[in-house]
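Survey of secondary and tertiary structure
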2 protein chains.
Amino acid sequence: MSKCEQCIVRKFNSLTHLSREELVKISACKTSRTIKKGEPLFSEGEHINGIFCIKDGICKVSKMSENGRNQIVNLIKKGDILGERSLITQEASNLEAIALEDMEVCFIPKEEIIEDLEKNPKFSMSVLKDMANNLKKADNIIVDMAQKTVKQRLAETLINLKEKFDTNNDGIINVRLSREDIANIIGTATESAIRLLSDLKKKKYIEFVGKEIKILNLPELEKIAQGF
Amino acid sequence: MSKCEQCIVRKFNSLTHLSREELVKISACKTSRTIKKGEPLFSEGEHINGIFCIKDGICKVSKMSENGRNQIVNLIKKGDILGERSLITQEASNLEAIALEDMEVCFIPKEEIIEDLEKNPKFSMSVLKDMANNLKKADNIIVDMAQKTVKQRLAETLINLKEKFDTNNDGIINVRLSREDIANIIGTATESAIRLLSDLKKKKYIEFVGKEIKILNLPELEKIAQGF
DNA sequence: TTCAAAAGATGATAAATATCATATAATAAA
DNA sequence: TTTATTATATGATATTTATCATCTTTTGAA
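So, here is what we can say about the structure in this document. All values derive from a computational prediction rather than experimental measurement.

A few words now on the environment of Gly57 of chain B. Along the polypeptide, Gly57 of chain B turns up in the loop between strand S3 (50-56) and strand S4 (59-64). Those residues in contact with Gly57 of chain B, other than ones at most four positions away along the chain, are Ile76, Lys77, Lys78, Glu101, Asp102 and Met103 of chain B.

Next comes the structure, spelled out in structure tokens:
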């Protein structure tokens, strides 16, 4: 079993503020898991009772709407922490997380880390900072969802994906999403997403390379996102 | 100047976890403010650098979209804390807060309370819990915005307003919102909000009493919110 | 009190988006 | 490989929502 003290992934998230002793303790009780593409890390209604530290892979965090449609509220990648909220609340999760590619994650049980949250101000301030950031992002998404057209949201999403997952040498965005996933990010029907993607392709603003997407004309996408 | 140690409002938020000494210290440096209806507590781009404790009144927290339309992301009432995020981040606010009625608020400068956040775990855990709750709410709003129709969102909003602000003896919801405000909560054109409100009134699910709203048939509103 | 401005209301129309149908392409299971 | 299933694509149409125009009512300032 790998040791948290030596784990590089930790450097990218709040766990980096834990002391050596705290890390050793966590190392002893954490579990490593492999999650295959398409499998859930956790499901709606489940009590997570701990946090996931993502060592490799990408997952989508989503929620079913009352209309029976799935809405993706976040994408999580290597280095991210997932499930912080379970540390603080007793409630069951209102979200589900499903792997978009094979994943390596560590799971740290709540009871082993909750004490650190109360006693290590650097750690708790870092978690607090994370949450504040997520809250700001969430507010921005609410505004976009409420005020922007589907076309705008699609353009914005493509730009965000590029930012978040970066591109390989050929300029291709490092994430594989189905058309349905994209539709579930921007909150529209799959057909609408497909249609608008086709439009962008026709205009040569983007290009499909296998399942992946390459942005050919970022300035034009930015214009669309802003409503022109 | 009133004293925080004796303030009842504090009991309703995270400040209740501060010690007597911490409260005395804050009491000495906090400022009380009166904000008239329509005036801002703070504006977009402003550095708040402190938190507001709402002693009386209601305000809307909103953000301009790139499309030039205003989106209300939260309503804040007596007992709430506003601006927690400014404690944690250096960034300017991306939101503005405007009084919907005359308000009494206390402002506590960041530098006076940030230390408590680091040294008083009960306080920091409470703030953390607040943020976790807000984050959950925000996720739910994102899903609603993305997946529900305007009609559903309106019904849901009316139900939420009743929950949040309660009703007086006559069953009238204790908050006065303009049609434009309601439109800016659900993310639609003012005309659309007016039209749908009129429909609900025609069907006798709601009634207007002056500027205020009374829910006559909650079960039917709930059905609409769920998409029936 | 009077009058201008803002808010609310409603119709007509245009634009955006969802839904349904169907076809083709890609993928995975036998 | 063959076949069944799923994903992608696209047209036709219905529905939802925005926009523009106009009117009435309410509100607030002089």
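Don't stop here, the text continues.
With that settled, the discussion passes to the interface of chain A and chain B. Interface size, as often reported, equals the accessible area lost upon joining of the parts. Listed as interface residues are 43 residues of chain A and, on the opposing side, 43 residues of chain B. It is Leu128, Ile142 and Gln147 of chain A in chain A that bury the most area against chain B; as a group they hold 16% of the surface buried on that side. Remark: the boundary between chain A and chain B carries six salt bridges. At the boundary of chain A with chain B, the tally comes to 20 residue pairs in polar contact (both at pLDDT 80 or more). For the side of chain A that touches chain B, the secondary structure elements donating two or more residues are strand S5 (70-77), helix H2 (84-88), helix H3 (110-119), helix H4 (121-147) and helix H5 (150-165) of chain A. The greatest single-element share of the side of chain A that touches chain B, amounting to 20 residues, is contributed by H4 of chain A. Of the residues belonging to the side of chain A that touches chain B, the class tally is 20 nonpolar, 12 polar and 11 charged.

Residues and elements named next belong to chain A. Orientation of helix H1 (residues 20-29) relative to H3, taken along the N-to-C sense of each, is 165°, at an axis distance of 10 Å. In terms of orientation, H1 and H3 fall into the roughly antiparallel class. Considering only the axes of H1 and H3, their crossing is left-handed. On H3, the residues that touch Glu22, Lys25, Ile26 and Cys29 of H1 are Glu112, Ile113, Glu115 and Asp116.

Attention now moves to the nonpolar core. Ranked by internal contacts, the top residues of the largest apolar core, which has 47 residues, are Leu15, Ile113 and Leu117 of chain A together with Leu15, Ile113 and Leu117 of chain B. Sequence-distant contacts of Ile113 of chain B, defined by excluding residues within four places in its chain, comprise Leu15, Leu18, Ile26, Ile51, Leu87, Ile108 and Phe123 of chain B. Counting residues in each nonpolar core, the second largest holds 44 residues, with Ala138 of chain A together with Cys59, Leu95 and Val143 of chain B among its members.

Judged by pairing direction, the sheet is antiparallel, and its four strands sit side by side in the order S2-S7-S4-S5 (chain A) without closing on themselves. The strands lining the two open edges of the sheet, one partner per strand, are strand S2 (40-42) and S5 of chain A. Between one strand axis and the next, the sheet turns through 30° on average, direction left out of account. On the sheet, helix H4 (residues 121-147) of chain B packs against strand S4 (58-64) and S5 of chain A and is oriented at approximately 130° with respect to S5 of chain A.

Most of helix H6 (residues 179-186) of chain B is tucked away, with six of its eight residues classed as buried. For H6 of chain B, the elements touching its buried residues are S4, strand S5 (70-76), H4, helix H5 (150-165), helix H7 (190-202) and strand S10 (212-215) of chain B.

Attention now goes to the protein's contact with DNA strand C. The environment of DNA strand C is formed by 16 residues, the closest being Val150, Thr188 and Ser192 of chain A together with Arg179 and Lys211 of chain B. Restricting the count to atoms of DNA strand C within 4 Å of the protein gives a sugar and phosphate share of 55%. Between DNA strand C and Val150 of chain A, the relevant distance is 2.8 Å, taken from a phosphate oxygen to a main-chain nitrogen or oxygen of the residue. Listed by contribution, the elements that provide at least two residues to the surface near DNA strand C are helix H7 (190-202) of chain A together with H6 and H7 of chain B.

Here the focus is the packing of H5 of chain A against H7 of chain A. Residues and elements named next belong to chain A. It is at 10 Å that the axes of H5 and H7 come closest, and there the two elements cross at 65°. One element, H5, and the other, H7, form an angle in the roughly perpendicular class. By crossing handedness, the relation of H5 to H7 is classed as right-handed. Listed contacts from H7 to Val150, Lys151, Leu154 and Leu158 of H5 are Ala193, Leu196, Leu197 and Leu200. The class makeup of the residues in the contact of H5 with H7 is seven nonpolar, no polar and one charged.

Each value, and the rule that gives it
- Residues numbered from 1 in each chain as written.
- Chains lettered and ligands numbered in written order.
- Predicted model: local features only at pLDDT ≥ 70, side-chain atom pairs only at ≥ 80, totals over all residues.
- Heavy atoms only, no water.
- Helix = DSSP H or I, 4+ residues; strand = E, 2+ residues; numbered from the N terminus.
- Contact = heavy atoms within 4.5 Å.
- Buried area = accessible area lost by both parts, 1.4 Å probe.
- Salt bridge = Lys/Arg side-chain N within 4 Å of Asp/Glu carboxyl O.
- Polar contact = N/O pair within 3.5 Å; in protein donor to acceptor, adjacent residues only side chain to side chain.
- Nonpolar A, V, L, I, M, F, W, Y, C, P; charged D, E, K, R; others polar.
- Axes fitted to C-alpha atoms, helices over the stretch in contact; angles between N-to-C directions.
- Parallel < 35°, antiparallel > 145°, perpendicular 65-115°, else oblique.
- Left-handed = near helix turned anticlockwise from the far one by under 90°.
- Core = buried A, V, L, I, M, F, W, Y, C linked by side-chain atoms within 4.5 Å.
- Buried < 20%, exposed > 50% of the residue type's maximum accessible area, 1.4 Å probe, protein only.
- Pairing = 2+ DSSP bridges.
- Near = heavy atom within 4 Å.

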